[in-house]
Amino acid sequence: MITLLIIITVLLIILFMPVKVQIIRNDKKNDINLYFVKIFNIRFDLDEFLKKLYQDNSKPSLTIIINNIKNLKIYKKLLKELMGMIVMRKSTLCYTSSNIYISVACWNSIYALRNFLSYHFLRLDNEYYNVSFKENAKTTIEFEFVFFIRSIYFILAYIISVKDIIKNKRKGSVINVGTSNK
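All figures in this text were calculated on a predicted structure; none of them were measured in a lab. (Residues numbered from 1 in each chain as written. Predicted model: local features only at pLDDT ≥ 70, side-chain atom pairs only at ≥ 80, totals over all residues. Heavy atoms only, no water.)

Undergrad: Explain the overall build of the protein chain to me, please; I cannot follow it from the model alone.
TA: Within the protein chain one finds six helices and six strands. Moving toward the C terminus, one meets the helices and strands of the protein chain in the order α-β-β-β-α-α-α-β-α-β-β-α. The buried share of the protein chain, reckoned over its 182 residues, is 26%. Summed over its atoms, the accessible surface of the protein chain is roughly 13,700 Å², and 61% of this surface lies on carbon and sulfur atoms. (Helix = DSSP H or I, 4+ residues; strand = E, 2+ residues; numbered from the N terminus. Buried < 20%, exposed > 50% of the residue type's maximum accessible area, 1.4 Å probe, protein only. Areas by Shrake-Rupley, 256 points an atom, 1.4 Å probe, with all protein chains shown as cover.)

Dropping the structure here:
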């Protein structure tokens, strides 16, 4: 009985423990980190794990990109439901450009990204967006996104979207295309 209580307690802790996700890209580092903050206080370097997982010495090709897009279409509802449960704690996006036209395009992309984040995430807490115009500067993009996620969010999002996932998997890659009689 005591072991059952211990197992249930550990499972509940794992389900409800917040995991801090930090996605960073700047001149110094490109990093995706998971921080198990409340109890364990450990950091897991997700990008290194993904590199080792997909390390097959092959370059990205059109078929890999198409397969990733197909997977995004299949799990689109799951991702929307998952993002709808998350509060974005920090959203930072900075562009540096030496061309005025590129700077205008950067502001347009910031506007589109902010609309996407505010529409899909539950709430945005700390936002910072900037476009720097410097002559003779290299065009760069720097960003940082921080949010907290719990394991229970994945389970709830899957339960909500399981019907659409099964329907999209059944379709597979068949595209209904009508023929033209012209």
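Undergrad: Explain the nonpolar core here, please?
TA: When a protein is soluble and globular, its nonpolar side chains tend to lie buried together. If you look at the biggest cluster of nonpolar residues, it comprises 26 residues, and the most contacted ones within it are Ile86, Met88, Leu117, Ile149 and Tyr153. Of all elements in the fold, only strand 1 (19–25), helix 4 (76–83), strand 4 (87–97), helix 5 (100–120), strand 5 (123–133), strand 6 (140–149) and helix 6 (151–171) reach the threshold of two or more residues within this core. At four residues, helix 6 tops the list of elements feeding residues into this core. Beyond its immediate chain neighbours, meaning those up to four positions away, tyrosine 153 contacts Leu82, Met85, Ile86 and Phe148. (Core = buried A, V, L, I, M, F, W, Y, C linked by side-chain atoms within 4.5 Å. Contact = heavy atoms within 4.5 Å.)

Undergrad: Just checking my understanding: could you explain the packing of aromatic side chains for this structure?
TA: Aromatic rings considered in pairs are described by the distance between their centres and by the relative angle of their planes. Enumeration according to the criterion identifies two aromatic pairs in this entry. Between phenylalanine 143 and phenylalanine 145, the ring centres sit 5.5 Å apart and the planes meet at 35°, which makes this aromatic pair tilted. (Phe/Tyr/Trp six-rings, centres within 6.5 Å; stacked < 30°, edge-to-face > 60°.)

Undergrad: So what exactly am I meant to see when it comes to the side chain of threonine 96 here?
TA: Counting through the fold element by element, threonine 96 comes out in strand 4. The exposure class of threonine 96 is buried, given its relative accessible area of 17%. For threonine 96, the contacting residues outside a window of four places in its chain are Ser132, Lys134, Ala137, Lys138, Thr139 and Thr140.

Undergrad: Please explain unusual backbone geometry as it appears in this structure.
TA: It is generally the case that most residues other than glycine have a negative phi and that most peptide bonds are trans. Even without a glycine there, the phi angle at asparagine 136 is positive, about 60°. Counting through the fold element by element, asparagine 136 comes out in the loop between strand 5 and strand 6.

Undergrad: What is the right way to read the pattern of salt bridges from this model?
TA: Close approach of charged atoms allows side chains of opposite charge to pair. Throughout the structure, instances matching the rule amount to five salt bridges. For aspartate 125, the salt bridge is made with arginine 123, and the minimal N-O distance between the two is 2.9 Å. Residue arginine 123 is classed as partly exposed on the basis of its relative accessible area of 43%. Several salt bridges converge on common partners, so that one network encompasses Arg89, Arg123 and Asp125. (Salt bridge = Lys/Arg side-chain N within 4 Å of Asp/Glu carboxyl O.)

Undergrad: I'm lost on the environment of histidine 120 in this one. Help?
TA: Within the element layout of this structure, histidine 120 appears in helix 5. With a relative accessible area of 16%, histidine 120 lands in the buried category. In this structure the C-alpha to C-alpha distance between histidine 120 and glutamate 81, which are 39 residues apart in sequence, comes to 8.5 Å. When sequence neighbours within four positions are dropped, the list of residues in contact with histidine 120 reads Lys80, Met83 and Gly84.

Undergrad: Before we go on, may I ask you to explain the environment of alanine 137 in this structure?
TA: Checked against the element boundaries, alanine 137 lands in the loop between strand 5 and strand 6. Residues alanine 137 and serine 98, 39 residues apart in the sequence, show an inter-C-alpha distance of 5.3 Å.

Undergrad: I tried to follow the pairing of strand 4 on my own but got confused; where do I start?
TA: It is a general feature of regular strands that their side chains alternate between the two faces of the sheet. Of all 11 residues that make up strand 4, nine are buried, and the element is covered over most of its length. One ladder, built from 10 bridges, connects strand 4 with strand 5; its direction is parallel. Note on strand 5: the bridge partner recorded for leucine 93 is tyrosine 129. For the crossover from strand 4 across helix 5 to strand 5, the handedness is right-handed. The pairing of strand 4 with strand 6 spans eight bridges and is classified as antiparallel. (Pairing = 2+ DSSP bridges. Right-handed = clockwise from strand over helix to strand, strands pointing away.)

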